[in-house]
Amino acid sequence: MSTQLKEEFTKFEQRLTKAVDHFKDELAQVRAGRANPAMLNKIVVDYWGTPTPLNSMANITVPEPRMLVISLYDVSALKEVSKAIAASDLGITPQDDGKVIRLAFPPLTEERRKDIIKQLKASCENTKVILRNERRTIMDTIKNFKKDNILTEDDVVFAEKEVQKILDKFVENADKLYKDKEVDILQV
């Protein structure tokens, strides 16, 4: 295998890893009936005129399976944090006692669970489309290498089989992540 092809394979695997990691991050932010601090990763607070991620200005703990407690480093930002959480798509009303903010997560309804699973399935399919697009990109590169006489016909056949093996491994990983999250959501 040529050095150029090895470099392309390395880039290919990096792009696939990035796509699956993004999907994994999406899954971590989905509410599965239990409180998870990762759900607050997207919340940005207007802190003294600067958009600041919530997780960088507070300690977030899980004292109970269905509750998050947010202890701010600067208590004066309590109102801004409450507003940011209320304005987010979490669907949870923050409760503050002047010192900490509590987020109580009600149990998910059966209908809501099915909606979440449907969204996750679509997200999984989108991830697989991205993975297949990356396969198409590297296959075009392999064909160009063949056309430029960098690879022989045997090298092309071998490379195409390797690409498919790598892709199958990443698609299987995405499916497993989806199935694990589905089981987690369906647990009552």
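A few points on the structure.

## Comments concerning the overall build of the protein chain
- When helices and strands are tallied, the protein chain shows four helices and six strands.
- Its C-alpha atoms give the protein chain a radius of gyration of 22 Å, more than 25% over the compact-globule value 16 Å for 188 residues.
- If you line up the protein chain on its principal axes, its C-alpha atoms span 70 × 40 × 25 Å.
- Residue burial in the protein chain is summarised as follows: out of 188 residues, 39% are buried.
- For the protein chain, the exposed area adds up to about 11,200 Å²; of that, 52% sits on carbon and sulfur atoms.

## Some points on the pattern of salt bridges
- According to the stated counting rule, one finds eleven salt bridges in the structure shown.
- Salt-bridge contacts for Asp96 lead to Lys79; the nearest nitrogen and oxygen are separated by 4.0 Å. Placement of the pair is Asp96 in strand 5 (residues 95-96) and Lys79 in helix 2 (residues 78-87), with a sequence separation of 17 residues.
- The exposed category is assigned to Lys79, whose relative accessible area is 53%.
- Salt-bridge contacts for Lys165 lead to Glu162; the nearest nitrogen and oxygen are separated by 3.1 Å.

Calculation criteria
Here the residue index of a chain counts from 1 through its sequence in written order. The predicted nature of this model means local features are confined to residues of pLDDT at least 70 and side-chain atom pairs, given and counted, to a pLDDT of 80 or more, with totals for whole chains, interfaces and linings taken over all residues. Excluding hydrogens and water, the side-chain figures rest on all heavy atoms present in the structure. The numbering of helices and of strands both runs from the N terminus, where a helix is a DSSP run of H or I of at least 4 residues and a strand a run of E of at least 2. The globule rule used here is 2.2 Å times the number of residues to the 0.38 power, and the radius of gyration it is set against is calculated over C-alpha atoms. Here's how the labels work: a residue is buried when its accessible area is under 20% of the maximum for its type, exposed when over 50%, partly exposed in between, all with a 1.4 Å probe on protein chains only. In this description, accessible areas are obtained by the Shrake-Rupley approach with a 1.4 Å probe, and a residue is regarded as covered only by the protein chains that are shown. By definition, a salt bridge exists where a carboxyl oxygen of Asp or Glu is found within 4 Å of a side-chain nitrogen of Lys or Arg.

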